[in-house]
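# Tertiary structure, described
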Amino acid sequence: LYKKQAAVRSQQPFQTSIIMKDNLLTPTSTSSSNGRMIIAISLTLFAFLIELYNGNTRILNLNNTILHKTFTTTTLLSFPSLTTITILLTLTLLLTLLLHIHRLQQTVSKSSIPGLPATPHAQFLFGHYGSLVHPSSHQTLFRSSATPSGITSLWGPGLKVCASVLKAEHVRLVLRHTPSRDFSSFVVRHGRKTLGKDSLVLIEGGKEWRRTRNVVQKAFTIGAIEGGRGAVGECAVAMVGWLMTMVSGEDQQRYCANGCNGHKCVQDTETGKDRNVVCLDVEYFFKLFSLDVFGRVTMDYDFECLKKATSIDNNDNDHDSSNKKTCTCFTSPPEAAAFEYLERDVGVRASPKNLLNPLIQCYWLPTKHNREYYANLKLVNTLMEGVIGLKLDEFLSRVRQRQLEPKQKQERGGDDDEEEEHNMITMMLRSVMEQYYHQQPKDQKQHHQNNSSSSSSSCPFSSSTTTSFQESGNTDNIIPSTTTMTKSDRTQIINNVSHILHTLLVAGYETTAISLSYTMYCLSKHPRCQDRACEEARRVLPTLDDNTKFDEDALPYCKAVIMETLRVHTPVIFTTRVSSKDLTLDTDDDGGMVTIPKDTRFVIHPTMVHLDERNFDRAEEFLPERWVRWENGGWVDRDFEKERKLAGAASDEAAAASTTPTPPPPSSLSDKYTKENAQADTISAANPQSFFAFSDGARNCIGRRLAIMEMTIFVAVLFRDMCVDLAEEGYELVKERRFVILAPNTLPIAFWKRDD
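Residues numbered from 1 in each chain as written. Predicted model: local features only at pLDDT ≥ 70, side-chain atom pairs only at ≥ 80, totals over all residues. Heavy atoms only, no water.

## Describing the overall build of the protein
Across its full length, the protein carries 27 helices and 18 strands. Burial status across the protein gives 49% buried among its 756 residues. Approximately 36700 Å² of the protein is accessible, and the part contributed by carbon and sulfur atoms is 53%. (Helix = DSSP H or I, 4+ residues; strand = E, 2+ residues; numbered from the N terminus. Buried < 20%, exposed > 50% of the residue type's maximum accessible area, 1.4 Å probe, protein only. Areas by Shrake-Rupley, 256 points an atom, 1.4 Å probe, with all protein chains shown as cover.)

## Points about helix 4 (residues 82-108)
With 27 residues, helix 4 should cover 39 Å at 1.5 Å per step; its first-to-last C-alpha distance of 39 Å lies within 8% of that length. All of the buried residues along helix 4 are Thr84, Leu91, Leu95, Leu99, His102, Leu104 and Val108. (Expected span 1.5 Å × (residues − 1).)

## Quick notes on the environment of Thr576
Take Thr576: it is sitting in strand 9 (residues 575-578). According to the relative accessible area criterion, Thr576 is buried, its value standing at 15%. Here the alpha-carbon distance between Thr576 and Leu175, two residues 401 residues apart in the chain, equals 8.6 Å. Leave out the neighbours within four places in its chain, and Thr576 touches Ser180, Arg181, Asp182 and Phe602. (Contact = heavy atoms within 4.5 Å.)

## Digging into the confidence of the model for the protein
With 71% of its residues at a pLDDT of 70 or more, the protein has an overall mean of 76. When the criterion is pLDDT under 50, residues 308-327 qualifies, and its contacts beyond four places in sequence or with other chains add up to 27 contacts. Within the model, pLDDT remains below 50 along residues 414-421, and this stretch shows 14 contacts once partners closer than five positions in the same chain are excluded. (pLDDT = per-residue confidence, 0-100.)

## Overview of the environment of Ile388
Summarising the element assignment, Ile388 is placed in helix 15 (residues 368-404). On the basis of relative accessibility, which here comes to 0%, the residue Ile388 falls in the buried class. Put simply, Ile388 and Asp300 are 88 residues apart on the chain and 9.8 Å apart in space, counted from C-alpha to C-alpha. Setting aside residues no more than four positions away along its own chain, Ile388 makes contact with Ile425, Leu429, Ile494, Val497, Ser498 and Leu501.

## Here we look at the side chain of Arg528
Following the sequence through the fold, Arg528 ends up in helix 21 (residues 527-540). Discounting residues that sit within four places of it in the chain, Arg528 has contacts with Tyr557, Phe622, Leu623, Pro624, Glu625, Tyr673, Glu676, Asn677 and Ala680.

## What about the pattern of salt bridges?
This structure, assessed with the given rule, holds 40 salt bridges. Note that Arg344 and Glu340 form a salt bridge whose closest N and O atoms lie 3.0 Å from each other. Pair noted here: Arg344 and Glu340 are both in helix 13 (residues 334-349), with a separation of four residues, about one helical turn. Given a relative accessible area of 35%, Arg344 falls into the partly exposed group. (Salt bridge = Lys/Arg side-chain N within 4 Å of Asp/Glu carboxyl O.)

## Some points on the packing of aromatic side chains
Applying the stated criterion across every chain yields a total of 16 aromatic pairs. When the centroid spacing of 6.1 Å and the interplanar angle of 55 degrees are considered together, the rings of Phe616 and Trp627 count as tilted. Highlighted residues: Phe616 in the loop between helix 23 (606-610) and strand 13 (628-631) and Trp627 in the loop between helix 23 and strand 13, separated in sequence by eleven residues. By relative accessible area, Phe616 is classed as buried at 3%. You can call Trp627 buried: its relative accessible area is 10%. Among the aromatic residues, those joined into a cluster by ring pairs are Trp242, Phe285, Phe286, Phe289, Phe714 and Phe751. In this structure, Lys193 is placed above the aromatic ring of Tyr363, and the distance from its NZ or CZ to the ring centre is 5.1 Å. Above the plane of the ring of Tyr373 lies Arg349, whose end atom (NZ or CZ) is 5.0 Å from the centre. (Phe/Tyr/Trp six-rings, centres within 6.5 Å; stacked < 30°, edge-to-face > 60°. Lys NZ or Arg CZ within 6 Å of the ring centre and 35° of its normal.)

## Here's the deal with the nonpolar core
Ranked by size, the top nonpolar core spans 119 residues in total, and within it Ile493, Phe714, Leu718 and Phe751 carry the most contacts. Residue contributions to this core peak at 14 residues, all from helix 20 (residues 487-525). Every residue in contact with Ile493, bar those within four places of it in the chain, is listed here: Leu429, Val432, Met433, Tyr436, Tyr437 and Met485. Ranked by size, the runner-up nonpolar core spans 28 residues in total, among them Leu132, Ala163, Val174 and Ile604. (Core = buried A, V, L, I, M, F, W, Y, C linked by side-chain atoms within 4.5 Å.)

## Some details on the environment of Val628
In this fold, Val628 is placed in strand 13. For the pair Val628 and Val561, spaced 67 residues apart in the sequence, the C-alpha separation amounts to 9.8 Å. What Val628 contacts, discounting residues up to four positions off in sequence, is Pro556, Tyr557, Ala560, Trp635, Val636, Asp637 and Arg638.

## A look at the sheet that holds strand 9
Read from one edge of the open sheet, four strands run 3-4-12-9, paired in mixed fashion. Among the strands making up the open sheet, the edge pair consists of strand 3 (152-156) and strand 9. Between one strand and the next, the sheet's axes are offset by a mean angle of 30 degrees, whatever the strand orientation. Taken together, the two bridges between strand 4 (residues 160-164) and strand 12 (residues 601-604) define a ladder with parallel strand orientation. Opposite Cys162, over in strand 12, you have Arg601 as the bridge partner. Its contacts with the sheet put helix 7 (residues 168-177) on strand 9 and strand 12, and the angle it makes with strand 12 is roughly 125 degrees. (Pairing = 2+ DSSP bridges. Axes fitted to C-alpha atoms, helices over the stretch in contact; angles between N-to-C directions.)

## Considerations on unusual backbone geometry
At Asp599, a residue that is not glycine, the phi angle is positive and equals roughly 70 degrees. Along the chain, the position of Asp599 falls in the loop between strand 11 (593-596) and strand 12. Accessibility expressed as a relative area gives 42% for Asp599, which makes it partly exposed. The backbone of Ser695 shows a phi angle near 65 degrees, a positive value even though the residue is not glycine. Its place among the elements puts Ser695 in the loop between helix 26 (674-681) and helix 27 (704-721).

## Section: a nonpolar patch on the surface
On the surface, a cluster of nonpolar side chains totalling about 260 Å² of accessible area is made up of Leu94, Leu97 and Leu98. Relative to the elements of secondary structure, Leu98 occurs in helix 4. (Patch = residues over 30% accessible without salt bridge, like charges linked within 9 Å, V, L, I, M, F, W, Y side chains within 5 Å.)

## Here's the deal with the pairing of strand 18 (residues 748-753)
Summarising burial for strand 18: five of the six residues are buried, a large majority. Bridge count for strand 15 (residues 722-726) against strand 18 is five bridges, and the pairing is antiparallel. The residue bridging Cys723 from the neighbouring strand is Trp752, located in strand 18.

## Notes on the pairing of strand 3
Among the five residues that make up strand 3, five are buried, leaving the element largely enclosed by the rest of the structure. Relative to strand 4, strand 3 runs antiparallel, the two sharing five bridges. Its bridge partner being in strand 4, Ser153 is matched across the sheet by Ala163. Hairpin remark: strand 3 followed by strand 4, antiparallel, with three residues in the connecting loop; positive phi at Gly158, about 75 degrees.

## Here we look at the packing of helix 11 (residues 229-247) against helix 12 (residues 282-298)
Axis separation between helix 11 and helix 12 bottoms out at 9 Å; the angle between their running directions is 155 degrees. One finds that helix 11 runs roughly antiparallel with respect to helix 12. Here helix 11 runs over helix 12; the crossing is right-handed. Residues Ala231, Val232, Glu234, Cys235, Ala236, Met239, Trp242 and Leu243 of helix 11 form the contact with helix 12, whose own contacting residues are Phe285, Leu288, Phe289, Asp292, Val293, Arg296 and Val297. (Parallel < 35°, antiparallel > 145°, perpendicular 65-115°, else oblique. Left-handed = near helix turned anticlockwise from the far one by under 90°.)

Below you can see the structure in the form of structure tokens.
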């Protein structure tokens, strides 16, 4: 039958007539005309290819102006060839794809939100994501097409409607409006593979996020953070002590830390004296400091990044014990490299360029990348399980003792609880176990009737937990002892706490190190701020010994240096929120308004917000004085609202005069920067409500206080006795993107001891 039909068709060739008119090929600005032009050109190419395939060369004799010749061709109906069918179907699919791409490109060339100008350079597949991940495009992306109030319409991957805001009032409204976030499915998949399914940063919102947040927040109490001041101070003193040893000129070349570019002897241009200088790529240096602080404060564990090590003089071959020298040196524990590897692995696997690469996306393939991944993950899990398991046994032992000896517990007056409050990991264990066992007394009968181990598979953050554990009061009675806790319960609790600690480490370890690196850069460019920090540190910390009390609140200028650094160089590139209802925002000062529809993805770029003149006066300048003022012989935090009210009382001369900070008295350190200091002291007070380096609202950074504390104490200890400068002449800061973090590519800093 098929052959008979083909024979009939071969006797009656199919007539194809293609006429392309001038007006059909005329480019216009409308989408329909462009679509007709693409269809006409594509059909012509199809006919040409079919005719050439069948040996018909008459079609090459075309008119120069208009293709009006009608030709007879034997097409698919005449030659049922598999090759012809394949070619035609392929070209048809190609045409369909081109038309779809054309429509998408037409869509993204328009504004995603009615009433806002369109933002150029959007791609039909990923929208503005390509520009978002390239720091060099941020200025154009967030400001060139923004309204006078700083609102920009954007397109996200998959044609998701997005928007960006720069005005502090708008940013604050968006961040406090909802804690919901929208993550890429690839980010969630790979992030949960490494950090666990209950990772706080990967939960988009809802009850599950609130429960997990509540568990973590119970560990980051003010008392717990203040209890870690001593550990932070010890780590800072140890790190600065190593630097002081290096610049003393003894064995500095031989026993140099990994990441240290070496010891140099340079001449001071002011005094003409030789000066010992140690040059460091500071990001590595601060990562070790940050890891030590995290381990001691959060995990009650010492990573020993700075320890005593014994080295042998390589010039001696007899290796006699008398030739051994003991030096203080840096050691990078294998866990530190594993943490960093796993953190960057999520960014590599979730990168758009690797989305179609099965060697990267498939964890089960026996590739080198996957073998390294599982080796590092095993190393981290082993460390976490060991530390948490030990603390869990100690905690359960104390709980069991209180259960057996209630009278002695009353006599102790809660001393054990007070001790636990200053131990974050113990408080985290208590919080997780309270969640885990809170409903168990209620359902104990049914629990034992079904299966004694059935509850072990339930997640402590699951939606089935409807009653807050804070309502339970004394929870010692619902927490089992080491003898009654099942093995599956123990494993589940250890895994949940491990996921929390791993998430906190990833969120705070690298960002703190990068923030301190940016601080060194800013202070290298502004030596006057080094002198003022030194004056405050020497006044507050006259000595550094075992009796020294470290308090970041007593170091307002050093804290202001950190705040100003984070304002100018925020490590996190952007954060996102998803609106749960329509938001109406002003577009200009003339009463223009725009409604942002529900489910819009907001992209908040903290650095762009901080460098906007609407939010900070002289926003491009590095001025710690915008956060503090000199008063009664010391630096104090500035009150933005109070100064604004006083400035508004123009008729009151005393009030107007009080808005200008009183410059500090001259000293031997800051005399040479009198003019610069005077200009800095005239800056208006910064509004803390316009500062978003730690985000805002319910989803703000839970470790904000701890991060500011450790950075402030380190700056005070360092600049009390040392100075810094850029180690390379003509150095320019170049930032590189690491997933959602913006870090300096390289940052060589020179350290030397103060002469005064």
